[in-house]
Amino acid sequence: MRQTVNLNHKWAFSKEAAEVPAEFPKNWVFVNLPHTWNAIDGQDGGNDYYRGTCYYAKQILKSELPQNARYYLEFCGANASAQVYWNGECIGRHDGGYSTFRTEISEALQEENLLVVSVDNGENETVYPQMADFTFYGGLYRDVNLIAVSDAHFDLEYYGGSGIAVTPTVQGDSAQVRVQVFLNSVKKGQSLFYCLQDRDGKHVSEAVCTADCTEVTMEIPKVHLWHGRKSPYLYTACAELRENGEVLDRVSARFGCRSFRIDAEKGFILNGEPYPLRGVSRHQDRWGLGNALLPEHHEEDMDLICELGATTVRLAHYQHDRYFYDLCDERGLVVWAEIPYISKHMPKASENAEAQLRELIVQNYNHPSIVVWGLSNEITMNGSDADLLETHKHLNALAHELDSTRPTTVAVVSMCDMHDPYLKIPDVISYNHYFGWYGGDTAMNGPWLDRFHETFPDLPIGVSEYGCEGLDWHTSDPVQGDYTEEYQAYYHEELIKQLFTRPYLWATHVWNMFDFGADARNEGGENGQNHKGLVTFDRKYKKDAFYAYKAWLSDEPFVHICGKRYTERTEEVTKVTVYSNLPTVELFRNGESIDRQTSREHFFYFDVPNIGESRIEAVAGEVTDGFVLQKVDSFPEKYRLKEKGAVLNWFDITAPEGYFSLNDKLSEILETDEGKKIFFTFAEALNRKGKGEKIAGFTMGADMLKMLGGFTVLRLTGLLGTAGVQVEKDELLELNRQLNQIPRASNIAPSDEGAGTP
Ligand code: GCB
C-alpha cells in the first residue's frame, strides 16, 4: 500500500547561497514549510520585494522512510520555478508556481540523502505570471510530501494528477459514473477493484476486473445530486490494484453528480434549475504570511465566503491549494478555476501557459465545484496580436480535449472592444469593469452589459471583476476615488442593484473578497496592498460592503448598521444606512423610534438627529445591531485619507478657485484643450521614464487614460507605482503649477459612455 510522509518540518533555508551545497548547510536558517521569503517585503509597498533564487535543503534518512519499492517527492506549490537536487544531482525541474509536481527518487535513494530545492521567482519571459497586480511570493509555500508506492501503482507522474478521473453523468434519477485509472508497471495476474461509496461510506456500486481494464462505468441508482450551496452531496470513487488478495495500491477521489449549462438568456442552470452565480473572487494570500497558508486559513476564508451568502467563487489568478477546491466541493460553492496567463501576452511563454492549463485540469478534474476553466485574464491589456489569438485557440482546444464536460472562459479587460476576435474563442466570457472606480460612474455598468447582451445575444456574458477600494477612512459625502468605507459601500449597493437584477449574467464576481498583497501599489494610505476586499487582509474586519452582499445573498437573518468605525460626526442630521435580509427595519435613537421602513432592496436609509451622544439601535425581527454616535464640532482628522510615504498629500496642493489642480479628476482636465496638452506632455515624460514607449510595459494609450479618468491626477500618479514608475515631488509640483493656470471649463460635456462600446 502507498504511504505518504509529510516533509514540511525543518528545512535549512538560504537567500544568500549562490549554488547548491555539497553537504547539509548547518549554518543556514531553519524554517518549516509552508514558507515564503516575501511575507514582509512582498506586502509593504515600493515594488521592491526580493525576486530571485533561494535554496531549501533537507536531510533524508532512508531508514526513516516507509519500506516500499518506489519513492516520489511531491511539491504542492513552489513559486515560481524549481530545480530539485538529490545528493547533488539535478533530478527535476518545474516551471509554474501554483500547481503540484512530483519527482521520482527511487533509483537515487541512499542511506543518507541531501535534498536541495532551488526556487526562483525572478523575472523572465517564459513563465507566467510576470506582470500582474499581485505579489509573486517566492518559496516552498505549500506542502512537500514523500509518497512511497509498490512497483505497480497508480500513476504519479502525469502532470501531477491523482491517477484517477471520475466523470459522472446524470440520467433521470440515476447517474452513470465513468471511472478511469492510470497505472504504472502493472503485471499479468494483477486485478482492479472499483467501488463507489455514498457520503456515509456505504458501497453503492462495485466492479472487479483485470488490471488492463482501466475504465469502468458504474451506476448510482436514485442518485443524490450535488446541488451547490443547497445540497453539496459528495460520493467517493475508489480503485484498488490487487495481487493474490493483497492490495498493492489504492486511490480515491470524491465527486459529485450534477448537470449544468450556461444559458445566454437565463444564466447558470444547475440540475435543470436556474441557480444564479453571484459571488466573489479570492486571492489566497494574507497579511504577514503571504501565500504560506495552513488549513485553518483556508477554512476561515471559506467560512467568510459562505457567511456572505456567495454561490460562486472565482479562484484568481492561478491554481489554488487543492484543499481549497475540496472545501468548495464540500460547501457547494461553484468555482471558476484559472491559470495565470495574465495582463501581457509573452510570445516565449505559450508552452508554459499550456503546461499550467494541463496541470490545472488534470489535477482538478474530479472537483464537482469547478464549472469553467479560465484561459486568461485581461490579456489584451497591452494590445492583441496573431500570436495571442493562436495561443487562445490552442489553449481552448486543449481544455476541451482534456475535459469535454466543462466550458472555457476568459476575463476581459474593460477597454477591450466587444468585437475583438479573441472573445469568440472561449465558450462563455466575462468582463472586468470598474465603472464607478477607475473610470466612468456606477450607473454605466448595467447599460454597458445590456448593450453587449443585445449585440451578442448568444454569447453568455458575466462580470468577472468589479470593485472599489475601501479603508478605514470615512466621510458623510462619499465620492469616487476617496478610498472611504462609505464610498465602497455605496458603490456596491449600486452594483448589486444593477447586477443582481440581470438574470442573463451567467456569473458575477466581486473583486475581491479579501484585501491582498500587491507590493507595487501605493494607495489608500497603506502601501503594498490592493484594498478592494470586502474583508481586510488579516481577515479581522468585515467592511460595510460585505453586509450589502449578505443582505441580498444570505438566508441567515441579520441586521447591520453601517459606519460603526465612523462614530464622531459634525452634521446635525446624519445618514445612517442599515443592511438586512429581513423586510422591515426599525431604527431607535436613545430608545426612541426614529422610523420603521420596509424595503425589498435590503438597504435602509435613515436620517438621524445627531445631538450629543446617541445610542443607535437597529431592530429587524429578532436581530439587532447598535453603536454610539457622537456629535463633534470639527471633522476628526483621523477619518481623512493620508497617503503613507506619499510624495505629496492632497492637502499640500495649491488649488486656486476656478482653476484646475492635481486634486481634479483626470477626465475633467482632459475635457479642456489646454489640460489635454499639459497632461499628455507630462505622460510622455513619464513614458520616457518607463521602458521605451511604455510604462512598465503598458502603453498609456487613450483607452487606458479613459479608464483611469475617475481618479484625481494625484491619485493617478500614486497608482503608477503599480506599473513601476515613481513620480517625484518636483515633477508633481510643476504639473500642479501648470494646472493652476487652466480655468475649469464652464460647460463640461456630459461624460462619454465608457470603454468598449460597440
Ligand atoms: C484587474 C485585474 C486584477 C486587479 C484589479 C484591480 O482588472 O484583473 O488583477 O487586481 O483589476 O484592482 O485593479
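Cut-offs used in this document
Residues numbered from 1 in each chain as written. Predicted model: local features only at pLDDT ≥ 70, side-chain atom pairs only at ≥ 80, totals over all residues. Heavy atoms only, no water. Helix = DSSP H or I, 4+ residues; strand = E, 2+ residues; numbered from the N terminus. Rg over C-alpha atoms; globule rule 2.2 N^0.38 Å. Buried < 20%, exposed > 50% of the residue type's maximum accessible area, 1.4 Å probe, protein only. Contact = heavy atoms within 4.5 Å. Areas by Shrake-Rupley, 256 points an atom, 1.4 Å probe, with all protein chains shown as cover. Lys, Arg positive; Asp, Glu negative; His and termini not counted. Charge placed at Lys NZ, Arg CZ, Asp CG, Glu CD. Polar contact = N/O pair within 3.5 Å; in protein donor to acceptor, adjacent residues only side chain to side chain. Axes fitted to C-alpha atoms, helices over the stretch in contact; angles between N-to-C directions. Parallel < 35°, antiparallel > 145°, perpendicular 65-115°, else oblique. Left-handed = near helix turned anticlockwise from the far one by under 90°. Pairing = 2+ DSSP bridges. Near = heavy atom within 4 Å. Salt bridge = Lys/Arg side-chain N within 4 Å of Asp/Glu carboxyl O. pLDDT = per-residue confidence, 0-100. Right-handed = clockwise from strand over helix to strand, strands pointing away. Disulfide = S-S within 2.5 Å. Phe/Tyr/Trp six-rings, centres within 6.5 Å; stacked < 30°, edge-to-face > 60°. Lys NZ or Arg CZ within 6 Å of the ring centre and 35° of its normal.

1. A few points about the overall build of the protein chain
Link 1 in the chain: Each helix and strand counted, the protein chain has twelve helices and 44 strands in total.
Link 2 in the chain: Taking 27 Å as the expected radius of gyration for a compact globule of 758 residues, we find that the protein chain reaches 28 Å, a close match to that expectation.
Link 3 in the chain: In terms of its C-alpha atoms, the protein chain occupies a principal-axis envelope of roughly 90 × 60 × 50 Å.
Link 4 in the chain: Out of the 758 residues in the protein chain, the part that is buried amounts to 61%.
Link 5 in the chain: Sequence separation of 24 or more characterises 71% of the internal contacts of the protein chain that already satisfy a separation of 6 or more.
Link 6 in the chain: Counting only carbon and sulfur atoms, one obtains 48% of the accessible surface of the protein chain, whose full area is about 29600 Å².
Link 7 in the chain: One way to put it: in the protein chain the 72 positive side-chain charges average out to a point 1 Å from where the 112 negative ones average out.

2. Some points on unusual backbone geometry
Link 1 in the chain: Between Y128 and the following residue, P129, the backbone shows a cis peptide bond with an omega angle of -5°.
Link 2 in the chain: By the element assignment, P129 lies in the loop between β10 (112–120) and β11 (139–140).
Link 3 in the chain: Phi at N47 is positive, roughly 50°, even though this residue is not glycine.
Link 4 in the chain: You can see N47 is positioned in the loop between β3 (29–31) and β4 (53–61).

3. Remarks on the side chain of N184
Link 1 in the chain: Examined against the element boundaries, N184 turns out to sit in strand β16 (residues 183–184).
Link 2 in the chain: A polar atom in the side chain of N184 sits 3.0 Å from the side chain of D155.
Link 3 in the chain: Discounting residues that sit within four places of it in the chain, N184 has contacts with Y72, D151, A152, H153, D155, L156 and E157.

4. A few points about the packing of helix α6 (residues 485–499) against helix α7 (residues 544–553)
Link 1 in the chain: The geometry of α6 relative to α7 is characterised by a closest axis approach of 8 Å and an angle of 25° between their N-to-C directions. Comparing the axis directions of α6 and α7 gives the class roughly parallel. The way α6 lies across α7 gives a crossing that is right-handed. The residues of α7 that touch α6, namely those facing E485, Q488, A489, H492, I496 and K497, are D544, A545, A548, Y549 and W552.

5. Focus: the pairing of strand β39 (residues 573–580)
Link 1 in the chain: Burial within β39 is extensive, with six of its eight residues counted as buried.
Link 2 in the chain: Where strand β37 (residues 559–561) meets β39, three bridges bridge the pair, whose relative direction is antiparallel. Its bridge partner lying in β39, I561 is registered against V578.
Link 3 in the chain: Relative to strand β42 (residues 603–609), β39 runs antiparallel, the two being bridged by seven bridges. Looking across to β42, one finds that V576 is bridged to F606.

6. Remarks on the site of the ligand
Link 1 in the chain: Around the ligand sit 13 residues, and of these D133, E378, Y438, E465 and K532 come closest.
Link 2 in the chain: One of the side-chain N or O atoms of E378 is found 2.3 Å from an oxygen atom in the ligand.
Link 3 in the chain: Within the side chain of Y438, a nitrogen or oxygen atom sits 2.4 Å from an oxygen atom of the ligand.
Link 4 in the chain: For the ligand, whose accessible area on its own is 320 Å², the fraction buried by protein is 93%.

7. Quick word on the pattern of salt bridges
Link 1 in the chain: All chains considered together, the criterion is met by 43 salt bridges.
Link 2 in the chain: Notably, a salt bridge pairs R286 with E300, separated by 2.9 Å at the nearest N-O pair. Of this pair, R286 sits in the loop between β27 (278–282) and α1 (295–308) while E300 is found in helix α1, placing the two residues 14 residues apart along the sequence.

8. Things to note about the sheet that holds strand β41 (residues 592–598)
Link 1 in the chain: In space, the five strands of this open sheet follow the order β38-β44-β43-β40-β41, with mixed pairing throughout. Strands with a single pairing partner mark the edges of an open sheet, and in this sheet they are β38 (568–569) and β41.
Link 2 in the chain: Judged from the eight bridges that link them, strand β43 (residues 613–620) and strand β44 (residues 623–631) form a sheet pairing that is antiparallel. Counterpart to I616 in the pairing with β44 is F627.

9. Brief notes about the confidence of the model for the protein chain
Link 1 in the chain: Averaged over every residue, the pLDDT of the protein chain is 93; the share at 70 or more is 94%.
Link 2 in the chain: pLDDT under 50 marks residues 691–698. Its contacts with residues more than four places away, or in other chains, come to 24 contacts.
Link 3 in the chain: In this model residues 747–758 is a low-confidence stretch, pLDDT under 50, and it forms 30 contacts with partners more than four residues away in sequence or in other chains.

10. Re the pairing of strand β32 (residues 428–432)
Link 1 in the chain: In terms of burial, β32 is largely enclosed, as five of its five residues are buried.
Link 2 in the chain: Strand direction decides the pairing type here: strand β31 (residues 408–413) and β32, joined by five bridges, are parallel. Note that in β32 the partner of V410 across the bridge is I429.
Link 3 in the chain: Pairing analysis gives four bridges linking β32 to strand β33 (residues 461–465), with the strands arranged parallel. Along β33, the bridge assignment pairs Y431 with V463.
Link 4 in the chain: With helix α5 (residues 445–455) bridging β32 and the parallel β33, this β-α-β connection has right-handed handedness.

11. Some words on the state of the cysteines
Note: disulfide means a covalent bond formed between the sulfur atoms of two cysteine side chains.
Link 1 in the chain: If you walk through the whole model with that rule in mind, you get zero disulfides.
Link 2 in the chain: Considering cysteine sulfurs only, C328 is the nearest to C306, which forms no disulfide, with 8.2 Å between them.

12. Topic: helix α2 (residues 322–331)
Side chains three or four residues apart in an α-helix point the same way, a direct result of the helix having 3.6 residues per turn.
Link 1 in the chain: Turning to α2, its buried residues number three or more, namely F324, Y325, L327, C328 and D329.
Link 2 in the chain: Put simply, D321 is the residue that caps the front of α2, since its side-chain oxygen is 2.9 Å from the backbone nitrogen of Y323.

13. A look at the sheet that holds strand β23 (residues 246–255)
Link 1 in the chain: Strand order in the open sheet made by the four strands is β18-β17-β22-β23, with antiparallel pairing throughout. Each having just a single partner strand, β18 (203–210) and β23 make up the two edges of the open sheet. On average, each strand axis in the sheet is tilted by 15° relative to the strand beside it, whichever way the strands run.

14. Topic: the side chain of T536
Link 1 in the chain: Within the secondary structure, T536 is located in the loop between β36 (529–530) and α7.
Link 2 in the chain: The exposure class of T536 is buried, given its relative accessible area of 16%.
Link 3 in the chain: A polar contact is formed between the side chain of T536 and the side chain of D538, at a distance of 2.7 Å.
Link 4 in the chain: Within the structure, the side chain of T536 is placed 3.4 Å from the backbone nitrogen of K540, a separation counted as a polar contact.

15. Some points on the packing of aromatic side chains
Link 1 in the chain: Taken as a whole, this structure holds 37 aromatic pairs when the rule is applied.
Link 2 in the chain: Pairing F13 with W37 gives two aromatic rings, centres 6.2 Å apart and planes at 20°, and the pair type is stacked. Within this pair, whereas F13 is found in strand β2 (residues 11–14), its partner W37 is found in the loop between β3 and β4, the two being separated by 24 residues in sequence.
Link 3 in the chain: Classification of W37 by relative accessible area gives buried; the value is 8%.
Link 4 in the chain: The interplanar angle of 15° and the centroid separation of 4.3 Å between the aromatic rings of Y98 and Y318 together place this pair among those described as stacked. Here Y98 is found in the loop between β8 (89–95) and β9 (101–104), whereas its partner Y318 is found in the loop between β28 (312–315) and α2, with 220 residues between them in sequence.
Link 5 in the chain: With a relative accessible area of 2%, Y318 lands in the buried category.
Link 6 in the chain: Through a chain of ring-to-ring contacts, three or more aromatic side chains come together here, namely W11, F13, W37, Y50 and Y56.
Link 7 in the chain: Residue placement shows K10 over the ring face of F30; its charged tip is 5.2 Å from the ring centre.
Link 8 in the chain: For R565, the ring lying beneath its charged end belongs to Y541, and the centroid distance is 3.6 Å.

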